[in-house]
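These are the residues of each chain, in order.
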There are 2 protein chains.
Amino acid sequence: MNPVIEILSQGEEITTGQIADTNAAWLSQQAVVLGFNVARHNAVGDKLMDLVQVLRDIAMRADCCICTGGLGPTSDDLTAEAVAQAFDRPLLFDEIAFNQIRQFFANRQRIMPECNRKQALLPKDALRLDNLWGTAPGFALQAGRCWFAFAPGVPAEMRQMFLAYIKPELQNRFVLQPSRLITIKTAGIGESDLQERIDTIEIPPQVQLGFRAEWGEVQTKLLFPGGYPQDNQDRLENRIVSLLGDAVYAVAENDCQDNDLVSVVAKSMAEKSYTLSAVETLSQGLLAAKLAGMPWLLNSVYERAIEKLFHDFNLSYDRENLISSSQALAQAVQSKTDASMISVQLYSGQDCTQSNSENAVTVTTVLLVNGEFKQSIRILAGDLKRKQHQAVLLVLDVLRRYLQGKAIV
Amino acid sequence: MNPVIEILSQGEEITTGQIADTNAAWLSQQAVVLGFNVARHNAVGDKLMDLVQVLRDIAMRADCCICTGGLGPTSDDLTAEAVAQAFDRPLLFDEIAFNQIRQFFANRQRIMPECNRKQALLPKDALRLDNLWGTAPGFALQAGRCWFAFAPGVPAEMRQMFLAYIKPELQNRFVLQPSRLITIKTAGIGESDLQERIDTIEIPPQVQLGFRAEWGEVQTKLLFPGGYPQDNQDRLENRIVSLLGDAVYAVAENDCQDNDLVSVVAKSMAEKSYTLSAVETLSQGLLAAKLAGMPWLLNSVYERAIEKLFHDFNLSYDRENLISSSQALAQAVQSKTDASMISVQLYSGQDCTQSNSENAVTVTTVLLVNGEFKQSIRILAGDLKRKQHQAVLLVLDVLRRYLQGKAIV
């Protein structure tokens, strides 16, 4: 069993929702890869008794806890005081911490305000964690079952202190078997359809299976515990990938960002020296916006009135035949651009930009490349923003399937 | 004393740090304004016993709890099952919920997969919360001291359900003294400049002052406790608004979405019956994408190679004089569109789409309206995404200042 870790964030700005708790997310990613089981996130405001209570709860539940925030100089920074009360560890003045704080101000040619003296008070027998990046030193101590480490809430300081001091301590103190997180990324298949296919095989109970869906992309996550045999892992992974077929566009270990759909398409576009000219309707500029920074997107046009688009090219718009209309438009665009690929997307029915109707629309995506047309016809529903995002995904998925030599659906 | 609320988020994607918990932040903001004391945030993964335990803990500690996530159709969606075990409330099949789920698929011309049937199982005697925005119905029930409401984790669905069903229930069930959150929204002024201006006045200690900056927009937040005299509130608010001058584009009470910069511009554009045709460069389609659904945006063109843009209009591009180049281009665009406003944005220096350089660029934004040119020259720095977002903000702010009769900076 992996040791159990919890994350505790302290600060009124979190409990009142002024900021989202990105520290907890960052620390959890670090902890999972190290080989911990992250059981809970906790956040409390600037109330001493709430903080004392949650510290005592965690001391009974978890093997380890990383705490952020509440180490500043002001009266609402209560973490050290709460630790003192929760675990009966009186605060003692730490000469070295005090000198570091004074030095921080001296380096900036400023006088240390009196209130910062408080930051040098640490619970008895705590391990001081130096803060070379700010004024608040951190500290660590064992209480009950749990080893606690306390770091400031400022994300940059917290991350530096975690990597420099807390992570090595964790690796020393715990027997850790790093986990492996495999993410199988798919487009062009719904979450329920995907789940039904995966349900046909047996997932060993030690392997955690999870799904994440956003705007029509679905990620299937497999978390393999440390020590899980590599052969079995490969077999399971390959089995699922083959079940999901052409919908799979990437398989990532420990989920790096280079494997999102845009990156996968971009890599292939660049390798094969393709360039794109796009005609956007339902996506309303979002295709271009998502491809920001991609030198292979030469241009993109969004026109609210589809008739106007055809009129500008001296073409007639046949609403009853979106595919042939798209093809004619793609050819007309090709004559005016240097791009080697043209994408045209049209949709049936009402002008989607006029209302936030959730009605389903039929969307056609046509790609003209090397003198050939590739096309996809799909039905999209949901509010305007949902349709807009899914329309972008359709174009990216047609590109991806063409570039990877997969069937276009 | 305000009633105590906690937030519970469920999902392995949160405890493993795949996503930051923005639902907890949004719900907390809502709860604070309603008059609750947000005591804790809790997040647990997809482990049944962890979920059962945290539900039981909260039932003893809080008056109310809003829970998100774990209501999907897949095997890792455990919330209803955990509630059944924690509070001894067997799951019962809800005919109405089932019909709503079936209807969701029927509207999209899809067959409901068998696994979605599970979403119609609700704990005995729970209040069903309809989900008109997705497949997962929510539910609510009293357990111990605490009234629990369960909503899906998909942010858009969760927010709609909270506003439509959960918020009115909270207002009925609890005696609440609402706080007032005043948000003063500004564009075209930096965060430190803004803070220095506000530092010149005294903020009473009961009033919480906060700032939030994103892509060059800054929000100044003032949280007034329930019962704070209206006169004093108005005086402080007016004082700050006048200190910030033309940079203020909206003052919102309780931070509704209708007061973001896009909405403020959209309202004015519609009232005055203006329409816009946009030429995008640095914003790379993001202007159009952010204006999705706005019928007054007639079209938008993004062209990576600025020279090509001028070439297509038989114009010459003078890189040394971006303003006169922009003006010439705006006039050429006007001859080909029905729009009553033309916006053209250009930038100096390297092609920003070719690298992620953090170099500063000079950005010119020209608006052609009623035969007159309005223009803004600003310097933007940071990575490509930051520049892209700030470029959009510049266009919106020029539009806003023109529509509100404010000086364009």
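When its secondary structure is counted, chain A shows 13 helices and 17 strands. What you see for chain A is a C-alpha radius of gyration of 28 Å, clearly larger than the 22 Å of a compact globule of 409 residues, by over 25%. In terms of principal-axis extent, the alpha carbons of chain A reach across some 80 × 55 × 40 Å. Of all 409 residues assigned to chain A, the portion counted as buried reaches 46%. Taking the intrachain contacts of chain A between residues at least 6 apart in sequence as the baseline, contacts between residues at least 24 apart amount to 64%.

Right, let's talk about the sheet that holds strand β2 (residues 37-44) of chain A for a bit. Spatially, β6(A)-β7(A)-β8(A)-β3(A)-β1(A)-β2(A)-β2(B)-β1(B)-β3(B)-β8(B)-β7(B)-β6(B) is the arrangement adopted by the 12 strands of the open sheet, whose pairing is mixed. Both edges of this open sheet fall to β6 (127-129) of chain A together with β6 (127-129) of chain B, since each of them pairs with a single strand only. On average, adjacent strands in this sheet sit at an angle of 20° to one another, irrespective of strand direction. Across five bridges, the pairing between strand β7 (residues 138-143) of chain B and strand β8 (residues 146-151) of chain B is antiparallel. Pairing of B:Leu141 across the sheet is with B:Phe148, part of β8(B). Sheet strands touched by helix α2 (residues 22-34) of chain B: β1 (4-10), β2 (37-44) and β3 (64-68) of chain B. Its angle to β1(B), the strand with the most contacts, is close to 160°.

Take the pairing of strand β14 (residues 297-303) of chain A next. Taking burial as the measure, the seven residues of β14(A) include seven buried ones, the bulk of the element. Pairing of strand β13 (residues 276-280) of chain A with β14(A), which is carried by five bridges, proceeds in the parallel orientation. Residue A:Val279 lies in a different strand from β14(A), and its bridge partner there is A:Val301. Pairing of β14(A) with strand β14 (residues 297-303) of chain B involves five bridges; the strand directions are antiparallel. Paired with A:Val301 across the two strands is B:Val301, which belongs to β14(B).

What follows concerns helix α6 (residues 155-173) of chain A. Residues and elements named next belong to chain A. The largest bend along α6 reaches roughly 45° and is located at Phe-162. Taken together, the buried positions of α6 are Glu-157, Met-158, Met-161, Phe-162, Tyr-165, Ile-166 and Leu-170. Contacts from the buried residues of α6 go to α2 (22-34), β3 (64-68), β6, β7 (138-143) and β8 (146-151).

All names here are of chain B. Viewed as axis vectors pointing N to C, helix α9 (residues 261-271) and helix α13 (residues 384-403) meet at an angle of 45°, and their least axial separation amounts to 10 Å. Our classification of the angle between α9 and α13 gives oblique. In terms of crossing hand, the pair formed by α9 and α13 is left-handed. Contact residues: Leu-261, Val-262, Val-264, Val-265, Ser-268 and Met-269 in α9; Leu-396, Leu-399, Arg-400 and Leu-403 in α13. Taken together, the residues of the contact of α9 with α13 break down into eight nonpolar, one polar and one charged.

A few words on the environment of B:Arg197. Looking at where B:Arg197 falls in the secondary structure, it is placed in helix α7 (residues 191-198). Along the backbone, B:Arg197 and B:Val409 are 212 residues apart, and their C-alpha atoms lie at a distance of 18 Å.

A separate point is the sheet that holds β14(B). Read across the sheet, 10 strands follow the order β17(A)-β16(A)-β15(A)-β13(A)-β14(A)-β14(B)-β13(B)-β15(B)-β16(B)-β17(B) without closing on themselves; strand pairing throughout is mixed. The outermost strands of the open sheet, each flanked by one partner alone, are β17 (372-380) of chain A together with β17 (372-380) of chain B. Across the sheet, the mean angle from the axis of one strand to that of its neighbour is 10°, orientation sign disregarded. Sitting on the sheet, helix α13 (residues 384-403) of chain A touches β15 (341-347), β16 (361-369) and β17 of chain A, and the angle it makes with β16(A) is about 35°.

This part covers the interface of chain B and chain A. Taken together, the contact between chain B and chain A spans 61 residues of the former and 58 residues of the latter. Split into classes, the residues belonging to the side of chain B that touches chain A amount to 25 nonpolar, 24 polar and 12 charged.

This next bit is on unusual backbone geometry. All names here are of chain B. Here Ser-273, not a glycine, exhibits a phi torsion of approximately 55°, which is positive. Its place among the elements puts Ser-273 in the loop between α9 and β13 (276-280). Owing to 8 C-beta atoms within 10 Å, Ser-273 belongs among the exposed residues under this scheme.

As a further point, take the domain arrangement of chain A. Domain annotation for chain A reports domain 1 (4-173), domain 2 (180-256) and domain 3 (262-403). Computed from C-alpha coordinates alone, the two centres of domain 1 of chain A and domain 3 of chain A are separated by 50 Å.

The next point concerns the pairing of β8(A). Residue and element names in this part refer to chain A. Counting buried positions over the six residues of β8 gives six, a clear majority of the element. Of the two faces of β8, both are covered, the one formed by Cys-146, Phe-148 and Phe-150 as well as the one formed by Trp-147, Ala-149 and Ala-151. In this structure, β3 lies alongside β8, joined through five bridges in parallel fashion. Paired with Cys-65 across the bridge in β8 is Phe-148. Between β7 and β8, which pair antiparallel and follow one another directly, the connecting turn spans two residues, one of which, Gly-144, has a positive phi of 60°.

Secondary-structure assignment places B:Arg117 in the loop between α5 (95-107) and β5 (121-123). Along the primary structure B:Arg117 and B:Val207 are separated by 90 residues, whereas in three dimensions their C-alpha atoms are 49 Å apart.

Residue and element names in this part refer to chain A. Between helix α7 (residues 191-198) and helix α8 (residues 230-244), whose axes approach to 10 Å, the crossing angle comes to 130°. Judged by the inter-axis angle, α7 sits oblique to α8. Handedness of the crossing formed by α7 with α8: right-handed. Residues Leu-194, Arg-197 and Ile-198 of α7 lie in contact with α8, whose contacting residues are Ile-240, Leu-243 and Leu-244. Each residue belonging to the contact of α7 with α8 can be placed in one class, and the counts come to five nonpolar, no polar and one charged.

Here we take up the confidence of the model for chain A. Should the pLDDT be low somewhere, the predicted coordinates at that spot are not to be read in detail. A residue-level look at chain A finds 98% of positions with pLDDT of 70 or above and a mean pLDDT of 92. Among the prediction metrics, the complex's ipTM stands at 0.77, with pTM recorded as 0.78.

With that settled, the discussion passes to the environment of A:Asn238. Residue and element names in this part refer to chain A. Looking at the secondary structure, you find Asn-238 in helix α8. According to the C-beta neighbour criterion, Asn-238 is exposed, with 11 such atoms within 10 Å. Separated by 50 residues in the primary sequence, Asn-238 and Ala-288 have C-alpha atoms spaced 34 Å apart.

How each quantity is defined
Per chain, the residues get numbers from 1 upward, laid out in the order the sequence is written. Chains carry letters and ligands carry numbers; both start at the beginning, A for chains and 1 for ligands, and go up in the order they are written. Whole-chain, interface and lining totals are the exception, using all residues; otherwise, since this is a predicted model, local features are given only for residues with pLDDT of at least 70 and side-chain atom pairs are given and counted only at 80 or more. By the criteria applied, helices consist of DSSP H or I runs no shorter than four residues and strands consist of E runs no shorter than two, each listed in order from the N terminus. What the globule rule says is 2.2 Å times the number of residues to the power 0.38, and the radius of gyration is computed from C-alpha atoms. Burial in this document is a count-based property: other C-beta atoms within 10 Å of a residue's C-beta are tallied, and the residue is buried at 20 or more, exposed at 12 or fewer, or partly exposed in between, with C-beta positions derived from the backbone. Placing C-beta atoms from the backbone, we regard two residues as in contact once those atoms come within 7 Å. What makes two strands pair is DSSP finding at least two bridges between them. Axes here refer to lines fitted to C-alpha atoms; in helices the fit is confined to the stretch in contact. Angles between the N-to-C directions go from 0 to 180 degrees. Values of bend correspond, residue by residue, to the angle between axes fitted over the seven residues ending at that residue and the seven starting there. Should an angle fall under 35 degrees it is called roughly parallel, over 145 degrees roughly antiparallel, and 65 to 115 degrees roughly perpendicular, with every other angle called oblique. The handedness criterion is simple: a crossing whose near helix is rotated anticlockwise from the far helix by less than a right angle is left-handed, and one whose near helix is rotated clockwise is right-handed. Here the nonpolar group is Ala, Val, Leu, Ile, Met, Phe, Trp, Tyr, Cys and Pro; Asp, Glu, Lys and Arg are the charged ones; every other residue, Gly included, is treated as polar. Residue ranges assigned to each domain were obtained from an automatic or database domain assignment. For every residue, the predictor assigns a confidence score, pLDDT, that lies between 0 and 100.

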